[in-house]
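Here is how the chains run, residue by residue.
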Amino acid sequence: MKNPLLWLELRIRIREKKLWVISFLYLLCLLGISFVPLVSTIDRPYSSPIQPANVGIAIFGTSIFTLLALLLIISPLSSAAAISQEREQRTLPGLLNTPLSSARIAFGKLLATWVFILWLIGLSCPFLFLGMIWCGISCWEVLSALGIIFAAGMVTSTIALGLSGYFKRTITSYLGTGTVFFLWFIVWPIIGALMSNLQPQGDKATQARFVDFQFYTFWAHHPVAPLMIAFQKELFEGAALPFNTTTALLFALGVWLALGLIFFFIACRGIRRALTEK
């Protein structure tokens, strides 16, 4: 944590009003969506009561996927202009004249974004622990979900930081970030779904290999996939799973780690490029 840029970034973010506005709107969204299962339970007739554990699971499931969806939007936006904005304001050469290396500059900005993500996750903890009060989930399941969500926020913010270092203008960085995530989140899974029409009609081994290729290439690394694999197994009840749960989770985390390292390198290269710019 001995990175002065981290503390500078944190002080700037704390002083900005938009941090508190985003936090308030974030809590408002969680409050409105997470209590939908509770309200629907209250409105149920006495003739068809529901088990408290099912209420806890419903609240937990709604909360974690709402939290993930919000962070997949907020995390990239919080770092998409971290480097390009410094370049536009002509403050990046000043940072490079300090004893900090390009890697430490990029990592300091990234740590500030990760602290912001942790702040938002901390605000959402009361909603997640409601599931424990209703005895539907365990503390370990809550912590596991938070770990996966934080990892997804880390990789998306790192990708956005890399694009911020690659593009010279802030508006271009935002547009590039939105395009990359639109392709990853929406277009790529759609292509995988359309490939189902190309599934071979041969023996079962060939079909199984095609399903594995389709799953691991187009879906397993999606930011939503690990959370669904770990906590939504009931969606696959009565059907043979086309993948191993542990293998799929490790594969997703491995892809995320590789993407994070690649785009962190791009961010560092973008910072060093500022030395040669007039």
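Residues numbered from 1 in each chain as written. Predicted model: local features only at pLDDT ≥ 70, side-chain atom pairs only at ≥ 80, totals over all residues. Heavy atoms only, no water.

### What about the overall build of the chain?
In step 1: What the chain contains, in helices and strands, is 12 helices and zero strands.
In step 2: Along the chain direction, N to C, the helices and strands of the chain fall in the order α-α-α-α-α-α-α-α-α-α-α-α.
In step 3: Within the span of the chain, comprising 278 residues, buried residues form 44% of the whole.
In step 4: Relative to all contacts within the chain whose residues are 6 or more apart in sequence, the contacts with residues 24 or more apart total 80%.
In step 5: Counting every atom, the chain has about 15,000 Å² of accessible surface; 71% of that belongs to carbon and sulfur. (Helix = DSSP H or I, 4+ residues; strand = E, 2+ residues; numbered from the N terminus. Buried < 20%, exposed > 50% of the residue type's maximum accessible area, 1.4 Å probe, protein only. Contact = heavy atoms within 4.5 Å. Areas by Shrake-Rupley, 256 points an atom, 1.4 Å probe, with all protein chains shown as cover.)

### Some words on the packing of helix H8 (residues 139-166) against helix H9 (residues 170-194)
In step 1: Here H8 crosses H9 at 140 degrees, and the two axes come no closer than 9 Å. Classed by the angle they form, the pair H8 and H9 counts as oblique. As for how H8 packs across H9, the hand of that crossing is right-handed. Here H8 contributes Thr156, Ile159, Ala160, Leu163 and Ser164 to the contact with H9, which in turn contributes Ser173, Gly176, Thr177, Val180, Phe181, Trp184 and Phe185.
In step 2: A class-by-class count of the residues in the contact of H8 with H9 yields seven nonpolar, five polar and no charged. (Axes fitted to C-alpha atoms, helices over the stretch in contact; angles between N-to-C directions. Parallel < 35°, antiparallel > 145°, perpendicular 65-115°, else oblique. Left-handed = near helix turned anticlockwise from the far one by under 90°. Nonpolar A, V, L, I, M, F, W, Y, C, P; charged D, E, K, R; others polar.)

### Structural notes on the layout of surface pockets
In step 1: Considering only enclosed or pocket space, the largest pocket measures out at about 630 Å³ in volume.
In step 2: Along the wall of the largest pocket there are 22 residues; nearest its centre are Arg13, Glu16, Lys18, Ser78 and Gln85.
In step 3: Only helix H1 (4-15), helix H2 (17-34), helix H4 (52-79), helix H5 (84-88) and helix H7 (102-133) provide two or more residues apiece to the lining of the largest pocket.
In step 4: With five residues, H1 is the single largest residue contributor to the lining of the largest pocket.
In step 5: Considered class by class, the residues forming the lining of the largest pocket number 12 nonpolar, four polar and six charged. (1 Å grid on protein atoms, 1.4 Å probe; cavity = no way out; pocket = protein on both sides within 12 Å on 5 of 7 lines; lining within 4 Å. Points joined across faces, edges and corners; volume = space filled by probe spheres on them.)

### Details of the side chain of Ser124
In step 1: The topology assignment puts Ser124 in helix H7.
In step 2: Within the local environment of Ser124, its side chain forms a polar contact with the backbone oxygen of Ile121, the two atoms lying 2.6 Å apart.
In step 3: In contact with Ser124, other than residues within four places in its own chain, are Tyr26, Leu30 and Leu67. (Polar contact = N/O pair within 3.5 Å; in protein donor to acceptor, adjacent residues only side chain to side chain.)

### Examining the packing of aromatic side chains
In step 1: Under the definition given, this model contains 10 aromatic pairs.
In step 2: Note on Tyr166 and Phe167: the rings are 5.1 Å apart at their centroids and 85 degrees apart in plane angle, and the pair reads as edge-to-face.
In step 3: With 6.3 Å between their ring centres and 25 degrees between their planes, Phe181 and Trp184 make a pair best called stacked. Linking Phe181 with Trp184, this pair stays in helix H9, spanning three residues, or about one helical turn. (Phe/Tyr/Trp six-rings, centres within 6.5 Å; stacked < 30°, edge-to-face > 60°.)

### Quick look at the nonpolar core
In step 1: One finds Tyr26, Phe60, Ile64, Leu67, Ile149 and Leu227 to be the most contacted residues of the largest nonpolar core, which totals 59 residues.
In step 2: In terms of residues, this core owes the most to one element, H7, which gives 14 residues.
In step 3: Core analysis: the next-biggest nonpolar cluster, separate from the first, contains six residues, Ala220, Ile229, Phe243 and Ala248 among them. (Core = buried A, V, L, I, M, F, W, Y, C linked by side-chain atoms within 4.5 Å.)

### Observations regarding H9
In step 1: Between its first and last C-alpha atoms H9 spans 35 Å; for 25 residues at 1.5 Å apiece the expected length is 36 Å, and the two agree.
In step 2: For H9, every residue scored as buried is listed here: Thr170, Ser173, Gly176, Thr177, Phe181, Trp184, Phe185, Pro189 and Gly192. (Expected span 1.5 Å × (residues − 1).)

### Here's the deal with the pattern of salt bridges
In step 1: The tally for this structure, following the rule as stated, stands at one salt bridge.
In step 2: The partner of Lys109 in a salt bridge is Glu86, and the shortest N-O contact between them spans 2.9 Å. Separated by 23 residues along the polypeptide, Lys109 in helix H7 and Glu86 in helix H5 bring together distant segments of the chain. Here Lys109 and Glu86 have matching classes, each one buried. (Salt bridge = Lys/Arg side-chain N within 4 Å of Asp/Glu carboxyl O.)

### Section: the packing of H8 against helix H12 (residues 245-273)
In step 1: Two elements in contact, H8 and H12, have axes separated by 7 Å at closest approach and are oriented at 30 degrees. Classified by the angle between their axes, H8 and H12 sit roughly parallel to one another. Here H8 and H12 pass one another in a crossing that is left-handed. Of H12, the residues touching H8 (which contributes Ile148, Ala151, Ala152, Val155, Thr158, Ile159, Leu161, Gly162, Leu163, Gly165 and Tyr166) are Trp256, Leu259, Gly260, Phe263, Phe264, Ile266, Ala267, Gly270 and Arg273.
In step 2: Here the residues of the contact of H8 with H12 are counted per class, giving 14 nonpolar, five polar and one charged.

Purely geometric numbers; function is a separate question.
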